Amino acid sequence: MFRLKELRVENGLKRSEFSKEIGLPASTIANYENETRQAPYKLLIAFADYFGVSVDYLLGRDNEENPGGSAVQIRGPLSAGEKKLIATYRECSPLSKNRIAEYAELLRKAQLE
C-alpha cells in the first residue's frame with residue numbers, strides 16, 4: 001500500500017498544490033497515488049523527505065513513520081508535561097511535527113545565548 005495520498009491528505013494539501021511544491025504534474029502524482037505507475041527511487045526519497053517519514057513507511061512496509069529516527073538519549077523518566085507534549089506531537093501531521101522541531105531548536109538555542 002503506497003501512502004502518498006494518505007500523507008498528502010493528512011497534510012491538507014490538494015494534489016495541485018503538492019504537485020507544484022514537488023515539481024511534478026498533478027496527473028503524475030495521481031498515477032503514483034492510484035498505483036498505476038511506480039515512482040522512481042529518487043522520487044520515493046523526495047516524497048519521504050517532504051513528509052518526514054521513512055521510505056518503508058511511505059511504501060507501506062512499516063507502520064512506524066520514522067523508526068529509530070533519532071539518536072537522542074533520554075535520561076531519567078519522563079515528566080507528566082513531557083508525556084503530554086509527546087502525545088500531542090504524535091497527533092500532529094508530519095509538516096506540523098517538522099515545525100514543532102524547528103521551533104524547539106530555536107528555543108533551545110535562545111537559552112544558550
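Below, the structure is looked at part by part.

Here is what the cut-offs are and how they apply
Residues numbered from 1 in each chain as written. Predicted model: local features only at pLDDT ≥ 70, side-chain atom pairs only at ≥ 80, totals over all residues. Heavy atoms only, no water. Salt bridge = Lys/Arg side-chain N within 4 Å of Asp/Glu carboxyl O. Helix = DSSP H or I, 4+ residues; strand = E, 2+ residues; numbered from the N terminus. Buried < 20%, exposed > 50% of the residue type's maximum accessible area, 1.4 Å probe, protein only. Contact = heavy atoms within 4.5 Å. Core = buried A, V, L, I, M, F, W, Y, C linked by side-chain atoms within 4.5 Å. Axes fitted to C-alpha atoms, helices over the stretch in contact; angles between N-to-C directions. Parallel < 35°, antiparallel > 145°, perpendicular 65-115°, else oblique. Left-handed = near helix turned anticlockwise from the far one by under 90°. Nonpolar A, V, L, I, M, F, W, Y, C, P; charged D, E, K, R; others polar. Phe/Tyr/Trp six-rings, centres within 6.5 Å; stacked < 30°, edge-to-face > 60°. Lys NZ or Arg CZ within 6 Å of the ring centre and 35° of its normal.

### A short note on the pattern of salt bridges
Alright, step 1. For the structure shown, the criterion picks out four salt bridges.
Alright, step 2. Ionic pairing is found between arginine 8 and glutamate 33, a salt bridge with its closest N-O pair at 2.5 Å. Of this pair, arginine 8 sits in helix α1 (residues 4-10) while glutamate 33 is found in helix α3 (residues 26-33), placing the two residues 25 residues apart along the sequence. Neither arginine 8 nor glutamate 33 differs from the other in exposure class; each is buried.
Alright, step 3. Salt-bridge contacts for aspartate 56 lead to arginine 61; the nearest nitrogen and oxygen are separated by 3.4 Å.
Alright, step 4. Assessed through its relative accessible area of 32%, aspartate 56 is described here as partly exposed.
Alright, step 5. Overall, the relative accessible area of 65% leaves arginine 61 in the exposed class.
Alright, step 6. Through salt bridges that share partners, Arg8, Arg15 and Glu33 make up one connected network.

### Topic: the environment of glutamate 10
Alright, step 1. Mapped onto the fold, glutamate 10 is located in helix α1.
Alright, step 2. Each C-alpha atom, one on glutamate 10 and one on proline 94, is 8.4 Å from the other, the two residues being 84 residues apart in sequence.
Alright, step 3. Those residues within four positions of glutamate 10 in sequence are excluded, and the remaining contacts are Ser93 and Pro94.

### Side note on the environment of alanine 46
Alright, step 1. Its location among the elements puts alanine 46 in helix α4 (residues 41-51).
Alright, step 2. With relative accessibility at 28%, the residue alanine 46 sits in the partly exposed group.
Alright, step 3. Note: C-alpha distance between alanine 46 and isoleucine 22 (24 residues apart in sequence) is 8.2 Å.

### Details of the nonpolar core
Alright, step 1. Counting 17 residues, the largest nonpolar core has Leu4, Tyr32, Phe47 and Leu58 as its most contacted members.
Alright, step 2. Going through the elements one at a time, α1, α3, α4 and α5 (55-58) are the ones with two or more residues in this core.
Alright, step 3. Take this core: its biggest share by element is five residues, from α4.

### Regarding the packing of helix α2 (residues 15-22) against α4
Alright, step 1. For the pair α2 and α4, the least separation of the axes is 12 Å and the interaxial angle reads 110°. With respect to α4, the axis of α2 lies roughly perpendicular. Considering how the two elements wind past one another, α2 and α4 form a crossing that is right-handed. Across the interface between the two elements, Phe18, Glu21 and Ile22 of α2 pack against Ala46, Phe47, Tyr50 and Phe51 of α4.
Alright, step 2. Looking at the contact of α2 with α4, its residues break down into six nonpolar, no polar and one charged.

### Some thoughts on the packing of aromatic side chains
Alright, step 1. Tallied over the full model, the rule gives five aromatic pairs.
Alright, step 2. An angle of 65° between the planes, with centres 5.3 Å apart, marks the rings of phenylalanine 18 and tyrosine 50 as edge-to-face. Of this pair, phenylalanine 18 sits in helix α2 while tyrosine 50 sits in helix α4, placing them 32 residues apart in sequence.
Alright, step 3. Among the aromatic residues, those joined into a ring-pair cluster are Phe18, Tyr32, Phe47, Tyr50 and Phe51.
Alright, step 4. One residue, arginine 3, lies across the ring of tyrosine 57, its end atom 4.1 Å from the ring centre.

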